[in-house]
Amino acid sequence: MLSLMIELTNRCTLRCPTCFSHQDDRAKADMSFQEFKNIIDDNHSLIESLSLYNYGEPLLNENMPEMIAYAKKKDIRFIKVSTNGMHLTATKSKDIINSGLDYLSISLDGATKETYEIFRIGGQFKLVVSNIRNLVKIRNALRRPLTIEIQFIIMRHNEHEVAAIEELARYLQVDRLRLKTVLIKKDKWKELLPLDAKYSRYSQDMSSTQCLKPLKELVINCDGTIIPCCYIVQKDIDRFNMGNIFDQPLKDILASEKYRSFIKKCTKQKIDLESCKDCNEGNHSLDYKIIELAHEQ
């Protein structure tokens, strides 16, 4: 059974420093409902869970609630969406909740306007907080089981707000607070690393000759290209493109020599792969702490 990541769009209205949505040369596009429907129709028996995001803001795809509802009708067990929260209007919140979505993670990387807007460039702190508050109210009124999470990436400029974001999460009555460590894939991003080493995923040497991450997930980008890991970005997408799901069945792609060779190398000796030899993200724990809040309400 597959854990499938489907990128509904690679468009985003924000310009967060570590996001490749605005840093690669891919054409901006949304996956159509028919394209999504074809993926689910052909492969639902293989799919255990869906993550409907990659690089881009999934709520910009106007068909997202309809897509979720269709996948749930096809008995996809678990569906998760990650959003920056800027587009969670009352109407969209209601549609998302009624779609049957299981899990919604909302990025809120600051407990104050000043801190939040350092990283979420183009974002509006007060709007996102208001959207979260309204989302929780609508969810509770509709009595739907959607799990709502706030995700806070711990960085140098906001590490002093870890206690404050927990207090805000409790006030907003979300179900979970995820304190996540920051990803560093470029040297210039190192200035984001927290001063307190306990908040860094790089505080311990986790280097390894193998990575099992591609065995746990598969990524379908909005144009249908299939890549074996979400950390494969920019020019490496073309190099490690396993095929296009709009042109050939997923089963054929998974059985191809190109895919099998990648998996064998990555799980045995990843130094043989240009995209993986210097990457150990799949071996790191990405979260500093997850705080369960639902039981307190």
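On a predicted model such as this, the values are computed, not experimentally measured, just so you know. (Residues numbered from 1 in each chain as written. Predicted model: local features only at pLDDT ≥ 70, side-chain atom pairs only at ≥ 80, totals over all residues. Heavy atoms only, no water.)

1. Thoughts on the overall build of the chain
Let me state the cut-off plainly: Strands are runs of DSSP state E lasting at least 2 residues, helices are runs of H or I lasting at least 4, and numbering of each runs from the N terminus. Note that the radius of gyration is over C-alpha atoms, with the globule rule given as 2.2 Å times the number of residues to the power 0.38. Relative accessibility thresholds used throughout: buried, under 20% of the residue-type maximum; exposed, over 50%; partly exposed, between the two (1.4 Å probe, protein chains only). Any pair of residues with heavy atoms lying within 4.5 Å of one another is described as a contacting pair.
For the chain, the count of helices and strands is ten helices and nine strands. In terms of C-alpha radius of gyration, the chain reaches 19 Å, essentially the compact-globule figure of 19 Å for 297 residues. Within the chain, the proportion of its 297 residues that are buried is 55%. Intrachain contacts of the chain at a sequence separation of at least 6 include 70% that bridge at least 24 residues.

2. Quick notes on the packing of aromatic side chains
Test applied: Working definition: rings of Phe, Tyr and Trp (its six-membered ring) pair if their centres are within 6.5 Å, and the pair is stacked with planes under 30 degrees apart, edge-to-face with planes over 60 apart, and tilted otherwise.
As enumerated under the stated definition, the model contains five aromatic pairs in all. Look at Phe-33 and Tyr-70: their rings are 5.9 Å apart centre to centre, the planes differ by 85 degrees, and that puts the pair in the edge-to-face class. Of this pair, Phe-33 sits in helix α1 (residues 33–43) while Tyr-70 sits in helix α2 (residues 64–73), placing them 37 residues apart in sequence. Each of the two residues, Phe-33 as well as Tyr-70, counts as buried. With centroids separated by 5.7 Å and ring planes inclined at 70 degrees, the aromatic side chains of Phe-240 and Phe-262 adopt a geometry described as edge-to-face. Here the residue Phe-240 occupies a position in the loop between α8 (235–239) and α9 (250–255), and Phe-262 occupies one in helix α10 (residues 257–268), the gap between them amounting to 22 residues. Residue Phe-240 is classed as buried on the basis of its relative accessible area of 9%.

3. So, the sheet that holds strand β4 (residues 103–107)
Formally: Should DSSP find at least two bridges between two strands, the strands are regarded as paired. Axis definition: a line fitted to C-alpha atoms, limited for helices to the stretch in contact. Angles are taken between N-to-C directions and run from 0 to 180 degrees.
Spatially, β8-β7-β1-β2-β3-β4-β5-β6-β9 is the arrangement adopted by the nine strands of the open sheet, whose pairing is mixed. The open sheet is flanked by β8 (226–227) and β9 (287–292), the only strands paired with a single partner. α1 rests against β1 (2–6), β2 (47–51) and β7 (218–220) of the sheet, and its axis sits at about 160 degrees to β2.

4. Some details on the environment of Glu-57
In this structure, Glu-57 sits in the loop between β2 and α2. The buried category is assigned to Glu-57, whose relative accessible area is 2%. Glu-57 has contacts with Thr-9, Arg-11, Cys-12, Thr-83, Asn-84 and His-87, leaving out every residue within four places of it along the chain.

5. Quick look at the layout of surface pockets
The line we're drawing: Grid points spaced at 1 Å over the protein atoms alone were grouped into cavities, where a 1.4 Å probe fits but cannot get out, and pockets, open sets with protein on both sides within 12 Å along at least five of seven lines, with lining residues defined by an atom within 4 Å of a point. Grid points are joined across faces, edges and corners, and a volume is the space filled by probe spheres set on the points.
Empty space within the largest pocket amounts to approximately 1,500 Å³. Surrounding the largest pocket, 48 residues form its lining, Met-5, Tyr-53, Gln-151, Lys-180 and Cys-230 being those nearest its centre. Elements represented by at least two residues in the lining of the largest pocket include exactly β1, β2, β3 (78–83), β4, β5 (147–154), β6 (176–181) and α7 (213–216). Here the lining of the largest pocket takes four residues from β3, the largest share from any one element.

6. Details of empty space enclosed by the protein
A probe matching the size of a water molecule, rolled over the atoms, marks out where space remains unfilled. Inclusion rule: Nonpolar residues are Ala, Val, Leu, Ile, Met, Phe, Trp, Tyr, Cys and Pro. Charged residues are Asp, Glu, Lys and Arg, and all others, Gly as well, are polar.
Overall, the coordinates contain one cavity of 30 Å³ or more when judged by the stated rule. Reported here for the largest cavity is a volume of approximately 100 Å³. The class makeup of the residues in the lining of the largest cavity is eight nonpolar, two polar and two charged.

7. Description of the side chain of Glu-57
Under the convention used in this document: Positive charges are assigned to Lys and Arg, negative charges to Asp and Glu, while His and the chain termini are left out of the count. Between Lys or Arg on one side and Asp or Glu on the other, a salt bridge is scored when a side-chain nitrogen of the former is within 4 Å of a carboxyl oxygen of the latter. As used in this structure description, the phrase polar contact means that two N or O atoms lie within 3.5 Å; if the pair is within protein, one of them must be able to donate a hydrogen and the other to accept it, and residues adjacent in sequence are counted only when both atoms belong to side chains.
It is Arg-120 that comes nearest to the buried, bridge-free Glu-57 among opposite-charge side chains, at 7.2 Å. At 3.0 Å, the side chain of Glu-57 forms a polar contact with the backbone nitrogen of Leu-59. A distance of 2.8 Å separates a polar atom in the side chain of Glu-57 from a polar atom in the side chain of Thr-83.

8. Comments concerning the packing of α2 against helix α3 (residues 90–99)
Applicable threshold: For classification, angles of less than 35 degrees are called roughly parallel, those exceeding 145 degrees roughly antiparallel, those between 65 and 115 degrees roughly perpendicular, and all remaining angles oblique.
Contact geometry for α2 and α3: axes closest at 8 Å, N-to-C directions at 10 degrees. It follows that α2 is roughly parallel to α3 by the angle criterion. Of the residues in α3, those in contact with Met-64, Pro-65, Ile-68, Ala-69 and Lys-72 of α2 are Asp-95, Ile-96 and Ser-99. Residue composition of the contact of α2 with α3, by class: five nonpolar, one polar and two charged.

9. Some details on the pattern of salt bridges
Two side chains with opposite charge may pair up if their charged atoms get near one another. Considering all chains together, one arrives at 20 salt bridges under this definition. Taking the shortest distance from any N to any O, the salt bridge between Glu-48 and Arg-77 comes out at 3.8 Å. Residue Glu-48 is located in strand β2, and its partner Arg-77 is located in the loop between α2 and β3; the two are separated by 29 residues in the primary sequence. Judged by relative accessible area, which is 32%, Glu-48 ranks as partly exposed. Residue Arg-178 is joined to Glu-149 by a salt bridge in which the shortest nitrogen-to-oxygen separation is 2.9 Å. Here Arg-178 is found in strand β6, whereas its partner Glu-149 is found in strand β5, with 29 residues between them in sequence. The same class applies to Arg-178 as to Glu-149, namely buried.

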